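Summary of the model geometry
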Amino acid sequence: MKRAYNFNAGPSALPLSVLQKAQRELLDFQDTGMSVMELSHRSKEYDEVHNRAKQLLKELMNIPDTHDVLFLQGGASLQFSMVPMNLLTSGQTGNYVLTGAWSEKALKEAKKVGNTHVAASSKGANYTHIPALQDIQLSENAAYLHITSNNTIFGTQWHEFPNLSVDLVADMSSDILSREVDVSQFALIYAGAQKNLGPSGVTVVIIRNDLLERIPENLPTMLDYRTYSTSNSLYNTPPTFAIYMLSLVLEWVKEQGGVRIIEKRNREKASIIYDAIDRSGGFYTPHAEKGSRSFMNVTFTLPNEQITKQFLAKAKTEGFVGLAGHRSVGGCRASIYNAVPFEACEALAQFMREFQNQYV
Ligand SMILES: Cc1ncc(COP(=O)(O)O)c(C=O)c1O
């Protein structure tokens, strides 16, 4: 078997050892004679998996006791609605920083729920950078400030977070667990799992406990964070297999030495590809401005569409997968999440240099 050089934006690469462990345990989980998929979500065996995933995430992200970890479904996209439904009480305003397509979508849903305000935006610059912290202008009665910590499509990332007197909410779908973050700075963090945490199907929400007190009473049960908090995310059937895979991925992060080591490796991986871009004399053009570059999604263009097509076609024949840019921006994108090995980034940089040499 030859593993692909997988640069998919999500769902994306998973650690090989995690897949192998899941394979070994697939038919008979811990001598139960059943697959994890076949266990009752009320069984002792599943309970251990569930709590282990929660415990490991707390440990790896150093989540303080002031915050709870919830497992939901509906993807990060459902959080675009749940955040304002739970936190945007009447008379208040949901503040949003627009840094790309996902923050636009988050704002769109919030508008359906209550008052909103764009506190800063880099849309005018085609989302090539993260707005400067001093340019963030909060509205009066701000319920929260929502940011997208990493912009998967445009390839930009916040490298310093706003520290204003407002509850900070972050969509961390595409960079959670990729770097050390001070969770206490955030009122709420959410992330779909399918990039750094595991397969799709589970969404992680990290919520400061006091926020639960301001949730309106009339929300549908399944859209109310309190339902998940009071039941340890077991009010109804959780996505058990996805949570099991999450627990294996978290074990893997721990074995690697934790988030600090993963972050160091991610920076090295990103610099290999950014170096290939920066040393190409303009053949490859980065989308993101230097200070806003993402360590997770490296976005770049080639001299024209024709050459881009050739690049993508040749890359495919050499075993590189998922390098086409998002359909809304074009060009190329290499998503290099935690599980993408160093060697895949080196192989890509080498391929980029060789491809360019055909043209000079
Ligand atoms: C930053 C960000 N937010 C939200 C989403 C949407 O996630 P989901 O498909 O889990 O709803 C994505 C998906 O790629 C994303 O990258």
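Whatever comes next refers back to the structure up there.
I will try to describe carefully the structure that is included in this document. (Residues numbered from 1 in each chain as written. Predicted model: local features only at pLDDT ≥ 70, side-chain atom pairs only at ≥ 80, totals over all residues. Heavy atoms only, no water.)

**Remarks on unusual backbone geometry**
Peptide bonds are trans in most cases, and residues, glycine excluded, mostly fall at negative phi. In the segment running from Gly10 into Pro11, the intervening peptide bond is cis, with an omega of -5°. The topology assignment puts Pro11 in the loop between strand 1 (5–6) and helix 1 (16–25). In the Ramachandran plot, Asn62 falls in the positive-phi region, its phi being about 55° despite a non-glycine side chain. Residue Asn62 is classed as exposed on the basis of its relative accessible area of 64%. Positioned with a positive phi, Leu177 is a non-glycine residue whose angle comes to about 70°. When you line up the elements, Leu177 lands in the loop between strand 8 (168–171) and strand 9 (188–192). (Helix = DSSP H or I, 4+ residues; strand = E, 2+ residues; numbered from the N terminus. Buried < 20%, exposed > 50% of the residue type's maximum accessible area, 1.4 Å probe, protein only.)

**Structural notes on helix 3 (residues 75–87)**
For helix 3, which comprises 13 residues, the first-to-last C-alpha distance of 18 Å matches the rise-based estimate of 18 Å (1.5 Å per residue) to within 8%. Maximum bend of helix 3: about 30°, positioned at Ser81, with proline Pro84 one to four residues after it. Along helix 3, the residues that are buried comprise Ala76, Gln79, Phe80, Ser81, Met82, Val83, Pro84, Asn86 and Leu87. (Expected span 1.5 Å × (residues − 1). Bend = angle between axes of the 7 residues up to and from the residue.)

**Here we look at the sheet that holds strand 12 (residues 297–301)**
Spatial ordering of the open sheet is given by 11-12-14, a layout of 3 strands whose pairing is antiparallel. Two strands in the sheet have a free side with no partner beyond their single neighbour: strand 11 (285–286) and strand 14 (332–335). Pairing between strand 11 and strand 12: 2 bridges, direction antiparallel. The residue of strand 12 that forms the bridge with Thr285 is Thr301. (Pairing = 2+ DSSP bridges.)

**Section: the site of the ligand**
Close to the ligand lie 13 residues; Ser77, Thr152, Asp171, Gln194 and Lys195 are nearest. One of the side-chain nitrogen or oxygen atoms of Ser77 is found 2.6 Å away from an oxygen atom of the ligand. Taking 400 Å² as the accessible area of the ligand by itself, protein coverage stands at 85%. Considering each element in turn, the shell around the ligand owes the most residues, 4 residues, to helix 3. Of the residues assigned to the shell around the ligand, the class counts are 3 nonpolar, 8 polar and 2 charged. (Near = heavy atom within 4 Å. Polar contact = N/O pair within 3.5 Å; in protein donor to acceptor, adjacent residues only side chain to side chain. Areas by Shrake-Rupley, 256 points an atom, 1.4 Å probe, with all protein chains shown as cover. Nonpolar A, V, L, I, M, F, W, Y, C, P; charged D, E, K, R; others polar.)

**Re the pattern of salt bridges**
The full count for this structure, using the stated rule, is 17 salt bridges. Between Glu104 and Lys123 there is a salt bridge, with the nearest N and O atoms lying 3.4 Å from each other. In this pair, Glu104 is assigned in helix 4 (residues 101–113) and Lys123 in the loop between strand 4 (115–121) and strand 5 (142–148), connecting sequence segments 19 residues apart. For Glu104, a relative accessible area of 29% puts it in the partly exposed group. The exposure class of Lys123 is partly exposed, given its relative accessible area of 47%. Two residues, Asp167 and Arg208, come together in a salt bridge whose shortest N-O distance is 3.1 Å. You can see Asp167 sitting in the loop between strand 7 (156–157) and strand 8 and its partner Arg208 sitting in strand 10 (residues 203–208), a full 41 residues away along the chain. When sorted by exposure, Asp167 lands in the same class as Arg208, which is buried. Among the charged side chains, a network of salt bridges with common partners joins Asp167, Arg208, Asp210 and Arg214. (Salt bridge = Lys/Arg side-chain N within 4 Å of Asp/Glu carboxyl O.)

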